[in-house]
Amino acid sequence: MNLLYCSRMEEIIRFENVSYNYTDKHNALSDINFSVHRGEIFSIIGSNGSGKTTLLHLLSGLLFARSGSVFYKDKQITEQSLKNEQFNKYFRESLGYVFQNPDAQLFCPTVFDELIFGPLQMGKDKDTAFARAESVMQMLNIDCLRDRQTHMLSGGEKKRVAIGAVLTLNPDVLVFDEPVSALDPKTRAFLIELIFQLNEAGKTIIITTHHLELVDHLQSRVAVLSENHTIEKTGSTGEILSDTDLLIRTNLIGEHPHRHGSLTHKHLSGGFLFHKH
Ligand SMILES: Nc1ncnc2c1ncn2[C@@H]1O[C@H](COP(=O)(O)OP(=O)(O)O)[C@@H](O)[C@H]1O
Ligand SMILES: [Mg+2]
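Parameters and conventions
- Residues numbered from 1 in each chain as written.
- Chains lettered and ligands numbered in written order.
- Predicted model: local features only at pLDDT ≥ 70, side-chain atom pairs only at ≥ 80, totals over all residues.
- Heavy atoms only, no water.
- Helix = DSSP H or I, 4+ residues; strand = E, 2+ residues; numbered from the N terminus.
- Rg over C-alpha atoms; globule rule 2.2 N^0.38 Å.
- Contact = heavy atoms within 4.5 Å.
- Areas by Shrake-Rupley, 256 points an atom, 1.4 Å probe, with all protein chains shown as cover.
- Near = heavy atom within 4 Å.
- Polar contact = N/O pair within 3.5 Å; in protein donor to acceptor, adjacent residues only side chain to side chain.
- Core = buried A, V, L, I, M, F, W, Y, C linked by side-chain atoms within 4.5 Å.
- Buried < 20%, exposed > 50% of the residue type's maximum accessible area, 1.4 Å probe, protein only.
- Expected span 1.5 Å × (residues − 1).
- Arc of directions from axis to C-beta.
- Pairing = 2+ DSSP bridges.
- Axes fitted to C-alpha atoms, helices over the stretch in contact; angles between N-to-C directions.
- Phe/Tyr/Trp six-rings, centres within 6.5 Å; stacked < 30°, edge-to-face > 60°.
- Lys NZ or Arg CZ within 6 Å of the ring centre and 35° of its normal.

**Q** What is the right way to look at the overall build of the protein in this model?
**A** Of regular secondary structure, the protein possesses 10 helices and 12 strands. Taken against the 2.2 N^0.38 rule, which gives 19 Å for 277 residues, the C-alpha radius of gyration of the protein at 20 Å falls within 12% of a compact globule. The principal-axis extents of the C-alpha atoms in the protein amount to approximately 65 × 45 × 45 Å. Nonlocal contacts in the protein, meaning residues at least 24 apart in sequence, comprise 61% of its contacts between residues at least 6 apart. Looking at the protein as shown, the accessible area adds up to about 13,900 Å², and 49% of this sits on carbon and sulfur atoms.

As structure tokens, then:
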């Protein structure tokens, strides 16, 4: 094992026997174990309600485990540990969370204000914040939006600005909740390319999705959440996408009728994987 390999395998996030429940009756997550290595792309997939967003909230210190432990590097993420101002600042700067719905994230009057908010909040000087905003606008092709009001933008534009507002913090880890849902094909392709670019620049990327096509594009390590809110399997994209039983069991694919003129036959959804005539 060489040094490069060792550094690639460094654990940056670890979940140990983590469970979470919003109400007494139901668990939103049960006994979750996995780790994410520095510099990798890691995908968490599962059907609606399987617990993806809850898992990302636990990972980002927006919720805290009811039992078990979440670690960032070797430090446990708890309400208590985040009360330490120095650690809180370090953690908030290290890990950037792009919400599924950009409206939940954008609150400044203009796009430019949105982009400089994070770095100024983290105590960076104005020059640094402005320089980061400029370079992020170039990267995301949103320079033309700089003076626009965020609430007036289209969904795809809002998504870019929400990503930009996270990128100006220059975090090591980027967390995307369902990044391609509700995006048009062009913005979707742009976003996939961006994820690769960020990863090549050394960022660790964690995404959730139920789009198997995205999973196939990213060719990452994958954890599959079941409808019982547990991790059913972790493996490479190839190992996961070739396991049809697993995908059916976890409701990531299902059978649906398909018409060709007067002929109807049945396909497994998850379309591109199975739609062969
Ligand atoms: N704020 C909440 N209050 C009560 N139950 C919730 C709340 N948010 C999510 N849940 C429940 O927790 C489970 C996991 O939800 P979530 O993490 O949003 O799943 P996903 O992101 O995979 O769709 C679901 O059963 C959902 O109904
Ligand atoms: Mg969700």
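**Q** Looking at this model, I keep getting lost on the site of ligand 1. Mind explaining?
**A** Around ligand 1 sit Tyr-22, Ala-28, Ser-47, Asn-48, Gly-49, Ser-50, Gly-51, Lys-52, Thr-53, Thr-54 and His-229, and that is every residue in its neighbourhood. In this structure, Ser-50 approaches ligand 1 through a main-chain N or O atom, which is 3.3 Å from an oxygen atom. One of the side-chain N or O atoms of Lys-52 is found 2.8 Å from an oxygen atom in ligand 1. In the complex, the protein chains occlude 57% of the 550 Å² of accessible area that ligand 1 would expose alone.

**Q** Please explain the nonpolar core as it appears in this structure.
**A** Soluble globular proteins tend to pack their nonpolar side chains together in the buried interior. Within the largest apolar cluster, 33 residues are counted, with the highest numbers of intra-cluster contacts made by Ile-163, Phe-176, Ile-195 and Ile-205. Mapped by element, the contributors of at least two residues to this core are helix H4 (111-121), helix H5 (126-140), helix H6 (155-167), strand S7 (173-177), helix H7 (185-200), strand S8 (204-209) and helix H8 (212-218). In contact with Phe-176, other than residues within four places in its own chain, are Leu-56, Val-98, Ile-163, Ile-195, Leu-198, Ile-205, Ile-206, Ile-207 and Thr-208.

**Q** Would you explain H5 in this entry?
**A** For an α-helix, 3.6 residues make a turn, and residues three or four places apart therefore share a direction. End to end, H5 covers 21 Å across 15 residues, agreeing with the expected 21 Å (1.5 Å per residue, within 8%). Among the residues of H5, those classed as buried are Ala-129, Ala-133, Val-136, Met-137 and Leu-140. Here the buried residues of H5 occupy an arc of 105° about the axis, which is enough to place them on one side. Structural note: H5 exposes Asp-127 and Gln-138 on the side pointing more than 90 degrees away from its buried face. At its buried positions, H5 is contacted by H4, H6 and H7. N-capping of H5 is provided by Asp-125, with a side-chain oxygen placed 3.2 Å from the backbone N of Asp-127. One or two steps after H5, the chain reaches Asn-141, where phi turns positive at roughly 60°.

**Q** Just to check I follow, could you spell out the side chain of Ser-226 for this structure?
**A** Tracing the backbone through its elements, the reader meets Ser-226 in the loop between strand S9 (221-225) and strand S10 (231-236). There is a polar contact of 3.1 Å between the side chain of Ser-226 and the backbone nitrogen of Asn-228. Among all residues touching Ser-226, those that are not within four sequence positions of it are Ser-50, Glu-232 and Thr-250.

**Q** Explain the sheet that holds S10 here, please?
**A** Picture the strands of a sheet paired through backbone hydrogen bonds; they go either parallel or antiparallel. Ordered in space as S6-S7-S8-S3-S9-S10, the six strands form an open sheet in which the pairing is mixed. Of all the strands in the sheet, just strand S6 (95-98) and S10 have a single pairing partner and so form its edges. When the angles between neighbouring strand axes are averaged without regard to direction, this sheet yields 15°. In this sheet, S8 lies alongside S7 in parallel orientation, the contact comprising five bridges. Pairing of Phe-176 across the sheet is with Ile-207, part of S8.

**Q** Explanation requested: the packing of aromatic side chains in the structure shown.
**A** Here a ring pair, both rings aromatic, is described through the centre-centre distance and the interplanar angle of the planes. The final tally for this structure, using the stated rule, is 10 aromatic pairs. On the basis of an interplanar angle of 40° and a centroid distance of 6.2 Å, the ring pair of Phe-87 and Tyr-90 is categorised as tilted. Placement of the pair is Phe-87 and Tyr-90 together in helix H3 (residues 85-94), with a separation of three residues, close to one helical turn. Owing to a relative accessible area of 10%, Phe-87 belongs among the buried residues under this scheme. Members of the aromatic cluster, each reached through a chain of ring pairs, are Tyr-72, Phe-87, Tyr-90 and Phe-91. The lysine or arginine in question, Arg-14, covers the ring of Phe-71, its NZ or CZ lying 4.5 Å from the ring centre.

**Q** Would you mind going over the sheet that holds strand S5 (residues 75-76) with me for this structure?
**A** If you trace the four strands from one edge of the open sheet to the other, you get S2-S1-S4-S5, paired in antiparallel fashion. Pairing within the sheet leaves two strands with one partner each, and these edge strands are strand S2 (29-37) and S5. Bridging between strand S4 (residues 67-72) and S5 involves two bridges; their strand directions are antiparallel. Across the sheet, the residue bridging to Phe-71 is Gln-76, located in S5.

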